[in-house]
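For reference, the chains in residue letters:
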Amino acid sequence: KEALWQRELREQFPIVTAHPESAYLDSAATSQKPRAVLDAVQTYLTTSNANAGRGTYPWANRTTELVAETRQRVKEFLHDPAPDRSGVHFTSGTTEGLRGVARDWLVPYLTDGDEILVPHADHRANLDPWLEAQRLLAERGVDIRVRALPYQEVSGDYDHRVLDGIVGPRTRFVAATHVHHVHGGDMNVHRIRAAVGPDVPICLDAAQSVGHLPVDVGELDVDFVVFSGHKAMALPGTGAVWARNARGPVFRPGGWQGTPNTAGIVSLRAALDWLEAAGPDRIARWTAGLTGRLTDRLRHLDPYEILGCQVSLAAGSALPAAQRRHGIVTFRHRDIPSDDLGFILYSHGFMVRADNLCQAGRGEKDGSVRVSLHVYNTVEEVDRLLSVLESLA
Ligand code: PMP
């Protein structure tokens, strides 16, 4: 039944069905787009393309309406319990979104002696903006302390017991990641709220979770959710920041004004509609199944090492069962450099990422191969990949 459901969904991706000899395994970088998204963009551009927020004629009014509707759609999709109070800002992706939160919200919010907690082993996009905020503040004579979120050695998620000891009266902000872009682990961010108390704003990098699993801002109890539309079936150059409280000093007036990416925003609405209909829960189960199949066999192949967050799991050792992995498996071959392995895999039709994956703290030479899956990927693709990997073992 699940296989039939998946096949029906897969057939809705023109680029996927047009290349049956290839397998796209790089969805953590950007996702492919279903026909419904392409159609929505085509319809918009051929029926009512205009600028938003400044019209006295129907196309402009329709564009303004579509932007407002997408804002509502983002709130619904994130299960926003108080949509009248929250705000949604459109961006080009997670990097711009996190930078916007840092420069336009965090900088004016912090005062001398405040502390912030940020991840040092996640995506660079979730570290650099906070360090930049610290620099901007220092230029104004405001000194803040940036502290590192602690990680668990084996599972790679945050260490909440250690966190209790780090949080203090001057802790004013936490940045965290929902699903890790290297090992695909759920970082268990819902536990951060308990450690920091009700009043410390938490900003979540949801680049690898929106579109892959249900994201419920009420349940997670976070204040900002930043994600990439383009990783969630929408057009390239799309993303959004959801802010729990739209009132108060959220974003600098004028900061993100100007002409929005209206076609991208339209595509985001269509993408969220599509994902909702497919069912984020069901998508998560599908990709977790594929990930499990891949890791279960890969970890028995001697030359491969599967990467955790801070530790690398030795070949043959068990993956931490407590932690669910969402559609991402990153590994190295003992003897074959990762970029060579990437080329070998491509010669067999597999499109994977092979570099340092923008992980904070990892240099150019820390190569690895990342396989990242979405709902259009199949068991057959994973098995084909495994047989190539096995032939290199
Ligand atoms: N954060 C995480 C966890 C990511 O995986 C990525 C994309 N690889 C980003 C941020 C950056 O997203 P974007 O390219 O949309 O700016």
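Residues numbered from 1 in each chain as written. Predicted model: local features only at pLDDT ≥ 70, side-chain atom pairs only at ≥ 80, totals over all residues.

As annotated in an unreviewed UniProt entry, the chain carries the name Cysteine desulfurase/selenocysteine lyase and comes from Streptomyces griseoloalbus. Regarding the chain, the relevant UniProt record gives this comment under Sequence similarities (unreviewed entry): "Belongs to the class-V pyridoxal-phosphate-dependent aminotransferase family. Csd subfamily." On record in UniProt, under Catalytic activity (unreviewed entry), the comment for the chain is "(sulfur carrier)-H + L-cysteine = (sulfur carrier)-SH + L-alanine". (UniProt positions renumbered as here; feature names shortened; annotations may be inferred.)

Visitor: Explanation requested: the packing of helix α3 (residues 35–47) against helix α10 (residues 262–278) in the structure shown.
Guide: The angle between the axes and the distance between the axes are what describe a pair of packed helices. Axis separation between α3 and α10 bottoms out at 8 Å; the angle between their running directions is 145 degrees. The handedness of the crossing between α3 and α10 is right-handed. Residues Ala36, Val37, Ala40, Val41, Tyr44 and Leu45 of α3 form the contact with α10, whose own contacting residues are Ala263, Val266, Ser267, Ala270, Ala271 and Trp274. Of the residues belonging to the contact of α3 with α10, the class tally is 11 nonpolar, 1 polar and no charged. (Axes fitted to C-alpha atoms, helices over the stretch in contact; angles between N-to-C directions. Helix = DSSP H or I, 4+ residues; strand = E, 2+ residues; numbered from the N terminus. Left-handed = near helix turned anticlockwise from the far one by under 90°. Contact = placed C-beta atoms within 7 Å. Nonpolar A, V, L, I, M, F, W, Y, C, P; charged D, E, K, R; others polar.)

Visitor: Looking at this model, I keep getting lost on the site of the ligand. Mind explaining?
Guide: The environment of the ligand is made up of 16 residues, and the closest members are Gly93, Thr95, His181, Ala207 and Ser228. Taken domain by domain, the makeup of the shell around the ligand includes at least three residues from each of domain 1 (2–33 + 279–391) and domain 2 (38–278). (Near = placed C-beta within 6 Å. Domains from an automatic or database assignment.)

Visitor: Teacher, can you tell me more about the domain arrangement of the chain here?
Guide: When the parts of a complex come together, some accessible area is lost, and that lost area is often taken as the interface size. Each assigned domain of the chain is listed here: domain 1 (2–33 + 279–391) and domain 2 (38–278). Domain 1 and domain 2 are separated by 26 Å when their C-alpha centres are compared. Breaking the side of domain 1 that touches domain 2 down by element, the ones donating at least two residues are α11 (280–298) and β11 (328–333). The element that contributes the greatest number of residues to the side of domain 1 that touches domain 2 is α11, accounting for 7 residues. Looking at the side of domain 1 that touches domain 2, its residues break down into 16 nonpolar, 13 polar and 5 charged.

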